[in-house]
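Observations on the three-dimensional arrangement
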Amino acid sequence: MKNKYIIAFFVLGVIVTSIGALFKITHLEIGIFTGNLLITLGVFIKVIAAILFIIKLFSNNNNDFLNK
């Protein structure tokens, strides 16, 4: 997986978490989508992105991985 996909996955998690926080503040519910669900989903997406990044970081033999 390329670095740009991992970054995009992490940004998606940030967006979902932000929308969940907005739902919590305004007490908004759209069907099954509540603030709690969106915040949990966003944090889960960010954790998966972080795990993918760590795996890629340790499995890459190239020394200039972070300088690309």
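Here, every reference points to the structure presented above.
Quick summary incoming for the structure in this document. (Residues numbered from 1 in each chain as written. Predicted model: local features only at pLDDT ≥ 70, side-chain atom pairs only at ≥ 80, totals over all residues. Heavy atoms only, no water.)

1. Some points on the overall build of the chain
Along its length, the chain carries two helices and zero strands. For the chain, the proportion of its 68 residues judged to be buried stands at 18%. For the chain, restricting intrachain contacts to residue pairs at least 6 apart in sequence, the fraction spanning at least 24 positions comes to 49%. Carbon and sulfur atoms provide 71% of the accessible area of the chain, an area that totals close to 5200 Å². (Helix = DSSP H or I, 4+ residues; strand = E, 2+ residues; numbered from the N terminus. Buried < 20%, exposed > 50% of the residue type's maximum accessible area, 1.4 Å probe, protein only. Contact = heavy atoms within 4.5 Å. Areas by Shrake-Rupley, 256 points an atom, 1.4 Å probe, with all protein chains shown as cover.)

2. A few points about helix α2 (residues 35-59)
One turn of an α-helix holds 3.6 residues; hence residues three or four places apart share an orientation. With 25 residues, α2 extends 36 Å from end C-alpha to end C-alpha; this agrees with the ideal 36 Å at 1.5 Å per step. Buried residues of α2: Gly-35, Leu-38, Gly-42, Ile-45 and Ala-49, and no others. Structurally, α2 contributes buried residues whose contacts are with α1 (3-26). (Expected span 1.5 Å × (residues − 1).)

3. Details of unusual backbone geometry
Backbone geometry places His-27, a non-glycine residue, at a positive phi of 55°. On the basis of relative accessibility, which here comes to 72%, the residue His-27 falls in the exposed class.

4. As for α1
Spanning 24 residues, α1 covers 35 Å between terminal C-alpha atoms, matching the ideal 34 Å at 1.5 Å per step. All of the buried residues in α1 are Ile-6, Gly-13, Val-16, Thr-17, Gly-20 and Phe-23. Tucked inside the fold, the buried residues of α1 contact α2. Following α1 by one or two positions, His-27 has its phi on the positive side, about 55°.

5. Topic: the side chain of Thr-17
Note that Thr-17 resides in helix α1. Since its relative accessible area comes to 16%, Thr-17 is described here as buried. Excluding residues that lie within four positions of it along the chain, Thr-17 makes contacts with Leu-38, Ile-39, Gly-42, Val-43 and Lys-46.

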